[in-house]
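# Architecture at a glance
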Amino acid sequence: MTLYSIRGAISVEDNKKEDIINAAKMLINEIINSNNIDPSQIVDILFSVTKDLDDAYPAPAIRSLGYDIPVMCLQEAEVKHSLRRCIRVLVHIQADEHKKIKHVYLKKAKILRPDISNLKIAIDGPAGAGKSTVAKELAQRLNIEYIDTGAMYRAVTLKLLDKHVDFSDTDTVVDILNSTEIQFENGRIYLDNKDVTEDIRSALVTANVSKVASIPEVRRILVSLQRKIADCKSVVMEGRDIGTTVLKDADLKIFLTSSVEIRAKRRYEELKRKGVKIEFSEVIEQIKARDLQDETREYSPLKMADDAHLIDASNMSVDEVVCHIIELLK
Ligand SMILES: Nc1ncnc2c1ncn2[C@@H]1O[C@H](COP(=O)(O)OP(=O)(O)OP(=O)(O)O)[C@@H](O)[C@H]1O
Ligand SMILES: Nc1ccn([C@H]2C[C@H](O)[C@@H](COP(=O)(O)O)O2)c(=O)n1
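Structure report, in brief.

Cut-offs used in this document
- Residues numbered from 1 in each chain as written.
- Chains lettered and ligands numbered in written order.
- Predicted model: local features only at pLDDT ≥ 70, side-chain atom pairs only at ≥ 80, totals over all residues.
- Heavy atoms only, no water.
- Helix = DSSP H or I, 4+ residues; strand = E, 2+ residues; numbered from the N terminus.
- Buried < 20%, exposed > 50% of the residue type's maximum accessible area, 1.4 Å probe, protein only.
- Contact = heavy atoms within 4.5 Å.
- Pairing = 2+ DSSP bridges.
- Axes fitted to C-alpha atoms, helices over the stretch in contact; angles between N-to-C directions.
- Near = heavy atom within 4 Å.
- Polar contact = N/O pair within 3.5 Å; in protein donor to acceptor, adjacent residues only side chain to side chain.
- Parallel < 35°, antiparallel > 145°, perpendicular 65-115°, else oblique.
- Left-handed = near helix turned anticlockwise from the far one by under 90°.
- Nonpolar A, V, L, I, M, F, W, Y, C, P; charged D, E, K, R; others polar.
- Areas by Shrake-Rupley, 256 points an atom, 1.4 Å probe, with all protein chains shown as cover.
- Lys, Arg positive; Asp, Glu negative; His and termini not counted.
- Salt bridge = Lys/Arg side-chain N within 4 Å of Asp/Glu carboxyl O.
- Core = buried A, V, L, I, M, F, W, Y, C linked by side-chain atoms within 4.5 Å.

Helix and strand content of the protein: eleven helices and 13 strands. Here the C-alpha coordinates of the protein stretch approximately 70 × 45 × 35 Å along the principal axes. With 330 residues in all, the protein has 47% of them scored as buried. Restricting the contact set of the protein to residue pairs at least 6 apart, pairs at least 24 apart contribute 77%.

The structure is reproduced here in C-alpha cells:
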C-alpha cells in the first residue's frame, strides 16, 4: 500500500451555501474521476476556505456524495492579493497499484497552478493593439506558453509567396498547407524546420497576410492546429478569432485595442527603432487596410466575443495591461 496526496482548488461564484457545497462536490468528483480513484481508497480530506466564504462548510458535500470519509475544514492563511472565494483541498488516498497523481485546479483557481491546469487565455484585437507584447509578458509571468497565431498565418503567407502560388488556386494552397510544418520553440517560429522568425515580419508578408488569412481552407487547417496546440497545456493565445472561434471555451477572453492613431504611432516608433524608413501616414494606412480586411472577411472575421473583456490600452502601459489581466483572472 502506498499513501498518495492529491491537491486541488476551485473558486466559488458567491458566498452562498449552495455555491460552496456544489463547488466542493465538483472538485472532489473531478479529483476522483481524473485520478481513477475508488472512493474506498480515500483516507481523509482536508478543506481550507478563504475567509470570505462563511455561509457554509464544504464538508457536507462529502456526505451528500454518500462517502463516509473523515473531513476537516480550516480557514486559509490570508495573503494580500490572493484569489478570493476559493476552496482548497488535500486528499490522501491509499492504493496497492502505482498511481500517477493528477492535481486538480478548476475555474478561477487555475491561476494558482497555471503550469498544470490547462488554463486558456485568449487575446484578440486589431493590428498593432499590443497583443503580442502583452501576451508574451503575461505568458512569462504565469510561466505558460505563448502562441502567436498571426505568426502562423504569416509563415503560411511566406511559403506561398516563396513558391509563387496564386492565392485563388485553393487546391494548390491546401496541398502546400497539408505538407507544411509549423512549430514554436523558445520564442522562435519554425516553418518546415527553418527558423523564419524574422522573415515573416517582412513588408511583403505583412502586405499579403490578410489576403491569405481570409482563405477559408487556410483558416480551417490553422484553427485545427491551434486547438491541438492548446489541447493539453496552459496557453496565452493571441490573434483575431481566438475568443470567437479557436478557443470558445477559454477561461478568460480579452479584446485589446487602442485608437488607430496610437497604434500607428507605436508601430511607427517601433519601425524607426529598427531602422525601417517609412512615413507615419503610410503606417496608419497599412493598419487601417489590415483592420478593414480582417473585420470584413466573410469567414471568421475579427470581432469581440460576447464574453470578452474590452481593454482600451490607449493610455495604459504594457505593465498596467498585464496587471489588469491578472486581476481579471482572479
Ligand atoms: N500599452 C502599450 N504602451 C506602449 N507601447 C505599446 C503598448 N502595447 C504595445 N506597445 C508597442 O506597440 C507596438 C505594437 O505592439 P504589438 O506588436 O504587440 O501589437 P500586435 O497587436 O501584436 O500587432 P500585430 O497585430 O500587428 O501583430 C510595439 O512596438 C509595442 O512595443
Ligand atoms: N487568429 C488570427 C491571427 C492573425 N490573423 C491575420 C490577421 C493579420 O492581418 C495577419 C497577421 O497577424 P499579426 O501578426 O499582425 O497579428 O493574420 C487572423 O486572421 N487570425
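Right, let's get into the sheet that holds strand E9 (residues 188-191). Taken in spatial order, the three strands of this open sheet run E8-E9-E10, and their pairing is antiparallel. Lying at the two open borders of the sheet, with one neighbouring strand each, are strand E8 (182-185) and strand E10 (194-195). In terms of strand pairing, E9 meets E10 through two bridges, oriented antiparallel. Its bridge partner lying in E10, Leu191 is registered against Lys194. Contacting E8 and E9, helix H4 (residues 149-162) crosses the sheet at an angle of about 35° to E9.

A few words on the site of ligand 1. Near ligand 1, the surroundings consist of 17 residues, among which Lys131, Ser132, Thr133, Glu270 and Met316 are the closest. At 2.4 Å, a side-chain N or O of Ser132 approaches an oxygen atom of ligand 1. The set of elements that each furnish at least two residues to the shell around ligand 1 consists of helix H3 (131-142) and helix H9 (260-273). Considering each element in turn, the shell around ligand 1 owes the most residues, four residues, to H9.

Further remarks concern the sheet that holds strand E13 (residues 309-312). Note on sheets: strands pair through backbone hydrogen bonds, and any given pair is parallel or antiparallel. Spatial ordering of the open sheet is given by E7-E11-E6-E12-E13, a layout of five strands whose pairing is parallel. Looking along the sheet, the strands with just one partner apiece sit at the ends: strand E7 (145-148) and E13. Within this sheet the neighbouring strands show an average axis-to-axis angle of 20°, counted without direction. Strands in contact with helix H11 (residues 318-329) are strand E6 (120-124), strand E12 (252-257) and E13; relative to E12, the strand with the most contacts, it is inclined by about 155°.

Two numbers describe how H3 lies on H11: the axes approach to 10 Å, and their chain directions differ by 55°. On the basis of the axis angle, H3 is oblique to H11. Viewed along their axes, H3 and H11 form a crossing whose handedness is right-handed. Within the contact between the two elements, H3 uses Thr133, Val134, Glu137, Leu138, Arg141 and Leu142 and H11 uses Val318, Asp319, Val321, Val322, Cys323, Ile325, Ile326 and Leu329. Residues belonging to the contact of H3 with H11 are distributed by class as follows: ten nonpolar, one polar and three charged.

Residues in close proximity to ligand 2 total 16 residues, the closest being Arg154, Ser210, Arg219, Asp241 and Arg290. Arg219 is positioned with one of its side-chain polar atoms (N or O) 2.7 Å from an oxygen atom of ligand 2. Asp294 has a polar side-chain atom sitting 3.1 Å from an oxygen atom of ligand 2. Taking 450 Å² as the accessible area of ligand 2 by itself, protein coverage stands at 96%. Only H4, helix H6 (203-213) and helix H10 (280-296) provide two or more residues apiece to the shell around ligand 2. Counting residues per element, the shell around ligand 2 draws most heavily on H4, which supplies four residues.

On to the side chain of Arg290, then. Within the secondary structure, Arg290 is located in helix H10. Despite its burial, Arg290 pairs with no opposite charge; the closest candidate is Asp294, at 5.2 Å N-O. Excluding residues that lie within four positions of it along the chain, Arg290 makes contacts with Ala127, Arg154, Thr206, Ser210, Arg240 and Arg267.

Okay, the nonpolar core next. Generally speaking, nonpolar side chains in soluble globular proteins are found buried as a group. Counting 35 residues, the largest nonpolar core has Val156, Leu160, Ile182, Val218, Met237 and Leu247 as its most contacted members. Elements that contribute at least two residues to this core include exactly H4, helix H5 (170-178), E9, H6, helix H7 (216-230), strand E11 (235-239) and helix H8 (242-246). The element that contributes the greatest number of residues to this core is H4, accounting for seven residues. Not counting residues up to four positions away in its chain, the partners in contact with Val218 are Tyr153, Val156, Val173, Leu177 and Val212. In this structure, Ile45, Ala56, Ile87 and Leu106 belong to the second largest nonpolar core, which totals 30 residues.

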